[in-house]
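Reading the structure
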Amino acid sequence: MSLGRSHSAWLSFILPMVIIVFLAFPGLSQAETEKSLYERLGGYDAISAVVDRFLEKVWNDPEISRFFIGMGTDTRNQLRQKNKNLMCHDTGGPCKIISRPLEVAHAGLGITEKEFNIVVNHLASTLKEFKVPKPEHEELMAKVRKLKPYIVETKAKD
Ligand code: HEM
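All values derive from a computational prediction rather than experimental measurement.

**What about the site of the ligand?**
Inspection of the region around the ligand gives 21 residues, with Phe67, Ser99, Arg100, Ala105 and Val119 positioned closest. Listing elements by their share of the shell around the ligand, those giving two or more residues are helix 5 (73-90), helix 6 (102-105) and helix 7 (113-129). A class-by-class count of the residues in the shell around the ligand yields 15 nonpolar, 3 polar and 3 charged.

The following block contains the structure:
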């Protein structure tokens, strides 16, 4: 029977060949083993240090510090942790998102595009401070720039 023959040909010849090729050329499975952005950034501790420094800059910037007036130490610590988890998760790390959806958390704050860009630039300068290589820097910044529609307040249509 042709079906039986092709089945046994698969088991006796093709399958071992596939295994040999994969063993001989481990590069073929590179896509699976390629490191996530999370790993290339240096993992959780690196992300944690970046977020700490980034938020310090944001909170001390006179152009946007008014958004954070009245936040006590515990609230600021929570905001730090929420941002760490978000960055860890969105770069492929093993963290859970513990914050509200960004469009919910920022609704009603009236954040302008200019203010969004100030925050984005603080992240970019922090990544430079931490000497994050260009490919990882660009990849992360592209992800963050895409968040603009969730953060910037759009004027209600008439
Ligand atoms: C650049 C992208 C941004 C990201 C990834 C981000 C991320 C976050 C996260 C994770 C939270 C916590 C939400 C929660 O409590 O569940 C948050 C809250 C907040 N963010 Fe942002 N944010 C961004 C931009 C901005 C900008 C541009 C401003 C103001 C200039 C801002 C001001 C705030 C404030 C005031 C809160 C606290 C809101 C509240 O608890 O009521 N954020 N943000």
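Picking up after the structure, the text goes on.
**Examining the packing of helix 4 (residues 43-59) against helix 5**
Between helix 4 and helix 5, the least distance of the axes is 9 Å, while the angle of their chain directions is 135°. Comparing their axes, helix 5 and helix 4 come out oblique. Viewed along their axes, helix 4 and helix 5 form a crossing whose handedness is right-handed. The segment helix 4 lies against helix 5, with Tyr44, Ile47, Ser48, Val51, Asp52 and Leu55 engaging Arg80, Asn83, Lys84, Met87 and Cys88.

**Digging into helix 4**
Between its first and last C-alpha atoms helix 4 spans 24 Å; for 17 residues at 1.5 Å apiece the expected length is 24 Å, and the two agree. Three or more residues of helix 4 are buried, namely Ile47, Val50, Val51, Phe54 and Leu55. Taken down its axis, helix 4 places every buried residue within 125° of arc, on the same side. Elements in contact with the buried residues of helix 4: helix 3 (37-41), helix 5 and helix 7.

**Here we look at the packing of helix 7 against helix 8 (residues 134-145)**
Across the interface, helix 7 lies against helix 8 with an axial gap of 11 Å and an inter-helix angle of 165°. Our classification of the angle between helix 7 and helix 8 gives roughly antiparallel. Crossing hand, helix 7 versus helix 8: right-handed. Residues Val120, Leu123, Ala124 and Leu127 of helix 7 lie in contact with helix 8, whose contacting residues are His137, Leu140, Met141, Val144 and Arg145.

About the criteria used
- Residues numbered from 1 in each chain as written.
- Predicted model: local features only at pLDDT ≥ 70, side-chain atom pairs only at ≥ 80, totals over all residues.
- Near = placed C-beta within 6 Å.
- Helix = DSSP H or I, 4+ residues; strand = E, 2+ residues; numbered from the N terminus.
- Nonpolar A, V, L, I, M, F, W, Y, C, P; charged D, E, K, R; others polar.
- Axes fitted to C-alpha atoms, helices over the stretch in contact; angles between N-to-C directions.
- Parallel < 35°, antiparallel > 145°, perpendicular 65-115°, else oblique.
- Left-handed = near helix turned anticlockwise from the far one by under 90°.
- Contact = placed C-beta atoms within 7 Å.
- Expected span 1.5 Å × (residues − 1).
- Buried ≥ 20, exposed ≤ 12 C-beta atoms within 10 Å, placed from the backbone.
- Arc of directions from axis to C-beta.

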